[in-house]
Amino acid sequence: MNIISQRVQEMNFSQTFVMSNKARELKAKGHDVISLTLGEPDFNVPTAIQEAAIDAIHKNFSKYSPVPGFLETREAVCKKLKRDNNLIYQPSQICISTGAKQAIFNVLAAITNPGDEIIIPTPYWVSYAEMIRLLGGIPISIHTTVESDFKISVSQLEDTITERTKAILYSSPCNPSGSFYTQQDLKEISDCLKKHPSVLVISDEIYEYLVYEDEPFSIAQIEGMQERTAVINGLSKGFAMTGWRLGYSACPEWLAKAVEMIQGQVTSGTNTVAQQAAITALHMSPNEPEIAEMKAAFNARRKLMYDLLQKIPGLQVSYPKSAFYFFPDVSAFFGKSFNNQVISSGDDFSMGLLENKFVGSVGGDSFGNTNCIRFSYATSENLIIEGMKRLSDFITELS
Ligand SMILES: Cc1ncc(COP(=O)(O)O)c(C=O)c1O
């Protein structure tokens with residue numbers, strides 16, 4: 001008898017972690033590995049935030065916090081949402097969580113009954129589909145391609161909504177495609193959603209500070225949408241604080257109560273030191289030098305990597321407007337082989353590239369698009385140049 005639950009038996013390990021572990025293993029064996037796998041800024045946490053954390057330790061912030069977070073931290077989130085997004089929230093609508101990941105899970109757990117459909121524009125962030133399935137829901141993909149800049153159209157959305165649709169969940173800026181829904185795109189999407197008032201929007205804005213060609217925009221800013229949107233954000237990407245595990249949700253009151261109840265039974269309030277430091281982080285605007293410098297560095301790498309990728313024949317690549325990923329289509333190479341290993345999916349391509357040229361990427365299967373692979377450019381320009389050279393060699397040597 002298998003004691004593991006049916007739902008967990010049907011789960012998959014995060015392909016991002018599988019590939020980064022494999023890259024680490026090869027490195028430990030002495031190979032010169034270039035890992036373009038992980039979605040993690042390679043910068044240090046701004047000094048003022050580090051100092052706020054040390055100060056919090058010295059002040060003995062060592063006891064349980066309230067379940068949804070310290071009032072002061074939630075007030076800082078409200079101020080941030082007003083300053084950056086012109087959104088008014090009360091602290092009672094905010095729940096500080098263990099990363100944006102927990103914030104998303106809380107919201108999904110609060111709304112999903114078995115058999116409920118949650119729409120996820122595809123490619124999607126790896127964990128969305130797994131979380132929905134774990135909760136007994138059904139992830140419903142809307143397929144997109146390089147040609148549409150990996151964005152859904154309103155007619156696709158309209159055709160996908162059914163009476164079982166509970167919510168639409170997306171990231172904009174998007175991991176893995178780097179695409180970004182503009183104010184106009186979101187206006188059109190919300191016009192469609194207004195015909196379906198019972199559908200909730202879960203808007204994952206974790207890469208908000210990494211939008212290069214436009215201003216960040218949240219669907220909650222559109223009239224009538226805030227009361228049916230869960231805004232998800234956090235400090236991992238914009239402040240290089242992935243390991244601090246600090247994210248949050250901003251929800252309508254009815255949903256915030258359910259989110260708090262779930263968090264109270266599962267993890268309680270998140271790390272108190274990180275919460276105290278978050279107050280300093282949230283008071284920093286995206287124009288603060290240490291934040292703006294990270295964005296400028298990512299932008300320079302984006303341009304560099306795009307130039308290099310474009311020169312490789314057969315790759316189809318869109319120029320991402322945000323985040324720190326490229327999601328090139330490698331389907332032109334399906335049927336070709338390397339060392340007698342035939343490539344028939346993005347995952348095969350990604351594995352071949354790692355095993356033969358020691359360049360780590362993530363195959364597109366777990367993002368819902370088997371034709372593509374994901375490269376993260378959260379690494380130095382030199383490694384990007386060398387990684388792209390090896391990619392080009394790999395492709396040239398395919399037979
Ligand atoms: C789109 C997206 N949402 C959420 C997360 C999770 O962020 P956190 O580190 O705050 O849990 C990630 C992390 O990679 C992400 O890419």
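Described in the following lines is the structure provided in the data block. (Residues numbered from 1 in each chain as written. Predicted model: local features only at pLDDT ≥ 70, side-chain atom pairs only at ≥ 80, totals over all residues.)

1. Considering the packing of helix α12 (residues 346-357) against helix α13 (residues 381-396)
The geometry of a pair of packed helices is captured by two quantities: the angle between their axes and the separation between those axes.
And then number 1: Between α12 and α13, the least distance of the axes is 10 Å, while the angle of their chain directions is 105°. Judged on the interaxial angle alone, α13 and α12 are roughly perpendicular. Between α12, through Leu-353, Asn-356 and Lys-357, and α13, the contact on the second element is made entirely by Arg-390, Leu-391, Asp-393 and Phe-394.
And then number 2: A breakdown of the residues in the contact of α12 with α13 according to their chemical character gives three nonpolar, one polar and three charged. (Axes fitted to C-alpha atoms, helices over the stretch in contact; angles between N-to-C directions. Helix = DSSP H or I, 4+ residues; strand = E, 2+ residues; numbered from the N terminus. Parallel < 35°, antiparallel > 145°, perpendicular 65-115°, else oblique. Contact = placed C-beta atoms within 7 Å. Nonpolar A, V, L, I, M, F, W, Y, C, P; charged D, E, K, R; others polar.)

2. Some words on the sheet that holds strand β13 (residues 362-363)
And then number 1: A sheet is described by the order of its strands in space; here three strands give the open sequence β9-β14-β13, paired in antiparallel fashion. Of all the strands in the sheet, just β9 (325-326) and β13 have a single pairing partner and so form its edges.
And then number 2: As paired elements, β13 and strand β14 (residues 373-376) share two bridges and run antiparallel to each other. Of the residues in β14, the one forming a bridge with Gly-363 is Ile-373. (Pairing = 2+ DSSP bridges.)

3. Brief notes about unusual backbone geometry
And then number 1: Put simply, Ser-172 and Pro-173 share a cis peptide bond, and its omega is -5°.
And then number 2: Within the secondary structure layout, Pro-173 lies in the loop between β5 (165-171) and α8 (183-193).
And then number 3: If you check the backbone angles, Phe-150 has positive phi at about 60° while not being a glycine.
And then number 4: Here Phe-150 is to be found in the loop between β4 (138-143) and α7 (154-160).

4. Some words on the site of the ligand
And then number 1: Within the structure, the ligand sits among 13 residues, and Gly-99, Ala-100, Lys-101, Asn-175 and Ser-236 are positioned closest to it.
And then number 2: Partitioned by chemical class, the residues of the shell around the ligand number three nonpolar, eight polar and two charged. (Near = placed C-beta within 6 Å.)

5. Quick word on the environment of Thr-16
And then number 1: Its place among the elements puts Thr-16 in helix α2 (residues 15-28).
And then number 2: The class for Thr-16 is buried, based on 22 C-beta atoms found within 10 Å.
And then number 3: As a C-alpha pair, Thr-16 and Leu-38 span 22 residues in sequence and 6.5 Å in three-dimensional space.
And then number 4: In this structure, Thr-16 is in contact with Thr-37, Leu-38, Gly-39, Val-126 and Val-362, ignoring residues within four places of it in sequence. (Buried ≥ 20, exposed ≤ 12 C-beta atoms within 10 Å, placed from the backbone.)

6. So, helix α4 (residues 71-85)
And then number 1: The first and last C-alpha atoms of α4 sit 20 Å apart over 15 residues, in line with the 21 Å expected at 1.5 Å per residue.
And then number 2: Here α4 has its buried residues at Thr-73, Arg-74, Ala-76, Val-77, Lys-80, Leu-81 and Asn-85. All buried residues of α4 lie within an arc of 155° about the axis, which places them on one face of the element.
And then number 3: For α4, the secondary structure elements touched by its buried residues are β2 (94-97), β8 (247-250) and α10 (272-283).
And then number 4: Phi turns positive one or two residues past the end of α4, at Asn-86, with a value near 55°. (Expected span 1.5 Å × (residues − 1). Arc of directions from axis to C-beta.)

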